[in-house]
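Structure at a glance
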Amino acid sequence: MKKICRKANEKDKEEVFALYRSLVGTYGCAWTEDYPSESDVAADIEQQALYVLCGESGEIMGAAALVTSEEINHLVCWDKTIQKPCELVRIGIKEKYHNQGLAKELLYYMEEDAVKRGFDGMQFLVSKTNPKALALYDGMKFKRVGETYMYEIHWFCYERKF
């Protein structure tokens with residue numbers, strides 16, 4: 001099946017939000033009824049930070065955002081040689097497409113685009129109770145650099161220098 005990775009647009013907002021809602025409560029997912037919100041999706045689109053992976057029919061199979069955020073910058077675990085990091089947030093793949101390598105495909109596309117946009121690294125938090133996500137990032141050779149407790153959740157800190 002041919003897939004297309006692209007930046008999300010205003011027309012994608014409802015479908016991305018529905019995708020995110022569908023994952024709340026699934027095994028390992030740290031999301032809640034309040035997060036991610038419709039305003040998170042709208043802000044990601046407005047900032048041209050939201051990416052989608054679509055099938056041939058145009059169906060959105062997955063989504064994620066690359067943002068510049070001050071929320072995790074204070075953590076001491078990050079590689080100090082990364083001067084302009086982006087933060088990976090809100091990555092989700094429709095449950096019926098799990099275990100097909102789609103998250104990896106989306107991440108590779110996003111990483112290429114991040115380099116084009118001038119970022120020199122990617123940093124993010126992963127719930128310690130999300131074994132699929134942990135396996136994905138470990139398998140893609142992201143570096144686990146620390147741990148933190150934020151938003152009432154225990155996280156591992158991951159990064160990659162470009």
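Residues numbered from 1 in each chain as written. Predicted model: local features only at pLDDT ≥ 70, side-chain atom pairs only at ≥ 80, totals over all residues. Heavy atoms only, no water.

Some points on the overall build of the protein
When helices and strands are counted, the protein shows 4 helices and 7 strands. From first element to last, N terminus to C terminus, the protein shows the α and β order β-α-α-β-β-β-α-β-α-β-β. Relative to its length of 162 residues, the protein is compact, with a C-alpha radius of gyration of 15 Å against a globular reference of 15 Å. Structurally, the protein occupies a C-alpha span of about 45 × 35 × 30 Å along its principal axes. (Helix = DSSP H or I, 4+ residues; strand = E, 2+ residues; numbered from the N terminus. Rg over C-alpha atoms; globule rule 2.2 N^0.38 Å.)

Topic: helix H3 (residues 102-116)
In this model H3 runs 21 Å from its N-terminal to its C-terminal C-alpha over 15 residues, within 8% of the 21 Å that 1.5 Å per residue would give. Taken together, the buried positions of H3 are Leu102, Ala103, Leu106, Leu107, Met110, Glu111, Asp113 and Ala114. What you see down the axis of H3 is that its buried residues fit within an arc of 165°, all on one side. With respect to the buried face of H3, the exposed residues turned more than 90 degrees away are Glu112 and Lys116. (Expected span 1.5 Å × (residues − 1). Buried < 20%, exposed > 50% of the residue type's maximum accessible area, 1.4 Å probe, protein only. Arc of directions from axis to C-beta.)

Comments concerning the packing of aromatic side chains
Tallied over the entire structure, the rule returns 7 aromatic pairs. Arranged with centres 5.7 Å apart and planes meeting at 5°, the rings of Phe124 and Tyr158 form a pair that is stacked. Placement of the pair is Phe124 in strand S5 (residues 121-127) and Tyr158 in strand S7 (residues 153-161), with a sequence separation of 34 residues. Here Phe124 and Tyr158 have matching classes, each one buried. What links up through ring pairs into an aromatic cluster is the set Phe124, Tyr137, Phe142 and Tyr158. We note Lys128 situated over the ring of Phe156; from NZ or CZ to the ring centre the distance is 5.1 Å. The ring of Phe142 carries the charged tip of Arg160 above its face, separated from the ring centre by 3.9 Å. (Phe/Tyr/Trp six-rings, centres within 6.5 Å; stacked < 30°, edge-to-face > 60°. Lys NZ or Arg CZ within 6 Å of the ring centre and 35° of its normal.)

What to know about helix H4 (residues 131-139)
Along an α-helix, residues three or four positions apart point the same way, because every turn accommodates 3.6 residues. Within H4, burial applies to Ala133, Leu134, Leu136 and Tyr137. Buried residues of H4, seen end-on, are gathered within an arc of 160° and therefore sit on one face of the element. Its buried side turned inward, H4 meets strand S4 (85-93), H3, S5, strand S6 (143-150) and S7. Taken from the residues just after H4, Lys141 is the one with a positive phi, measuring 65°. (Contact = heavy atoms within 4.5 Å.)

Describing the packing of helix H1 (residues 13-23) against helix H2 (residues 38-46)
Helix-helix packing: each pair is described by the crossing angle between the helix axes and the interaxial distance. Across the interface, H1 lies against H2 with an axial gap of 10 Å and an inter-helix angle of 130°. One finds that H1 runs oblique with respect to H2. The handedness of the crossing between H1 and H2 is right-handed. The segment H1 lies against H2, with Lys13, Val16, Phe17 and Tyr20 engaging Glu38, Val41, Ala42 and Ile45. Looking at side-chain class alone, the contact of H1 with H2 contains 6 nonpolar, no polar and 2 charged residues. (Axes fitted to C-alpha atoms, helices over the stretch in contact; angles between N-to-C directions. Parallel < 35°, antiparallel > 145°, perpendicular 65-115°, else oblique. Left-handed = near helix turned anticlockwise from the far one by under 90°. Nonpolar A, V, L, I, M, F, W, Y, C, P; charged D, E, K, R; others polar.)

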